[in-house]
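# Architecture and fold: a report
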Amino acid sequence: VPGHSSALASVASAPDGALFAAAYGPEVVVVTKDFREQVARFVTDCPFVRALAFHPTEPRLAVAVGERVELWDYTVPFRVAALHGHRGLVEGLCW
């Protein structure tokens, strides 16, 4: 995603290919496939996002932050849920 100087930590593509999400440290940016329009931007409370995954049909993005998974509605953006209880860092996600 243009305009970021931090190291890219994770990327994800929406199932229809219309959107991409990129994580830079604690920041997540959702953009259109041509990178011309920023759809959403939010910052987690964890210093490093490890993985991202788009929901197949809903405007939701799963974000691996430390030992939990956060579910974000990227149209608002708003964190709708946090899934706790993992033992160790969450390293990957998929729906």
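A brief structural summary. Model, not experiment: these values are computed from the prediction.

Reading the values: rules and limits
- Residues numbered from 1 in each chain as written.
- Predicted model: local features only at pLDDT ≥ 70, side-chain atom pairs only at ≥ 80, totals over all residues.
- Heavy atoms only, no water.
- Pairing = 2+ DSSP bridges.
- Helix = DSSP H or I, 4+ residues; strand = E, 2+ residues; numbered from the N terminus.
- Axes fitted to C-alpha atoms, helices over the stretch in contact; angles between N-to-C directions.
- Core = buried A, V, L, I, M, F, W, Y, C linked by side-chain atoms within 4.5 Å.
- Buried < 20%, exposed > 50% of the residue type's maximum accessible area, 1.4 Å probe, protein only.
- Contact = heavy atoms within 4.5 Å.
- Patch = residues over 30% accessible without salt bridge, like charges linked within 9 Å, V, L, I, M, F, W, Y side chains within 5 Å.
- Areas by Shrake-Rupley, 256 points an atom, 1.4 Å probe, with all protein chains shown as cover.
- Salt bridge = Lys/Arg side-chain N within 4 Å of Asp/Glu carboxyl O.
- Polar contact = N/O pair within 3.5 Å; in protein donor to acceptor, adjacent residues only side chain to side chain.

## Quick notes on the sheet that holds strand S5 (residues 49-54)
One open sheet accounts for four strands, arranged S5-S6-S7-S8; its pairing is antiparallel. In this open sheet, the two edge strands, each paired with only one partner strand, are S5 and strand S8 (78-83). Each strand of the sheet is rotated relative to its neighbour by a mean of 25 degrees, with strand direction disregarded. Note that strand S7 (residues 68-73) and S8 share five bridges and pair antiparallel. Among the inter-strand pairings, Glu70 is bridged to a residue of S8, identified as Ala82.

## Looking at the nonpolar core
In this structure, Val28, Val30, Leu52, Phe54, Leu61 and Val63 are the most contacted members of the largest nonpolar core, which totals 18 residues. If you list the elements that add at least two residues to this core, you get strand S2 (19-24), strand S3 (27-32), strand S4 (38-43), S5 and strand S6 (60-65). Setting aside anything within four residues of it in sequence, one finds Leu61 in contact with Ala21, Val28, Val30, Phe42, Leu52, Ala53, Phe54, Glu70, Leu71, Trp72 and Tyr74. With seven residues, the next largest nonpolar core counts Ala51, Ala62, Ala64 and Leu71 among its residues.

## A closer look at a nonpolar patch on the surface
On the surface, Val76, Phe78 and Val80 cluster together into a nonpolar patch covering about 290 Å² of accessible area. Mapped onto the elements of the fold, Phe78 is located in strand S8.

## Describing the environment of Thr44
The residue Thr44 is located in the loop between S4 and S5 in this model. Non-local contacts of Thr44, meaning those with residues more than four positions away in its chain, are made with Pro26, Val49, Val63, Val65 and Glu70. From its side chain, Thr44 meets the backbone oxygen of Cys46 in a polar contact 3.2 Å long.

## Overview of the environment of Val49
The topology assignment puts Val49 in strand S5. Among the residues examined, Val49 registers a relative accessible area of 0% and is labelled buried. Here the alpha-carbon distance between Val49 and Pro77, two residues 28 residues apart in the chain, equals 16 Å. Setting aside residues no more than four positions away along its own chain, Val49 makes contact with Ala9, Ala23, Gly25, Pro26, Val28, Thr44, Val63, Ala64 and Val65.

All we've got here are geometric facts, nothing functional implied.
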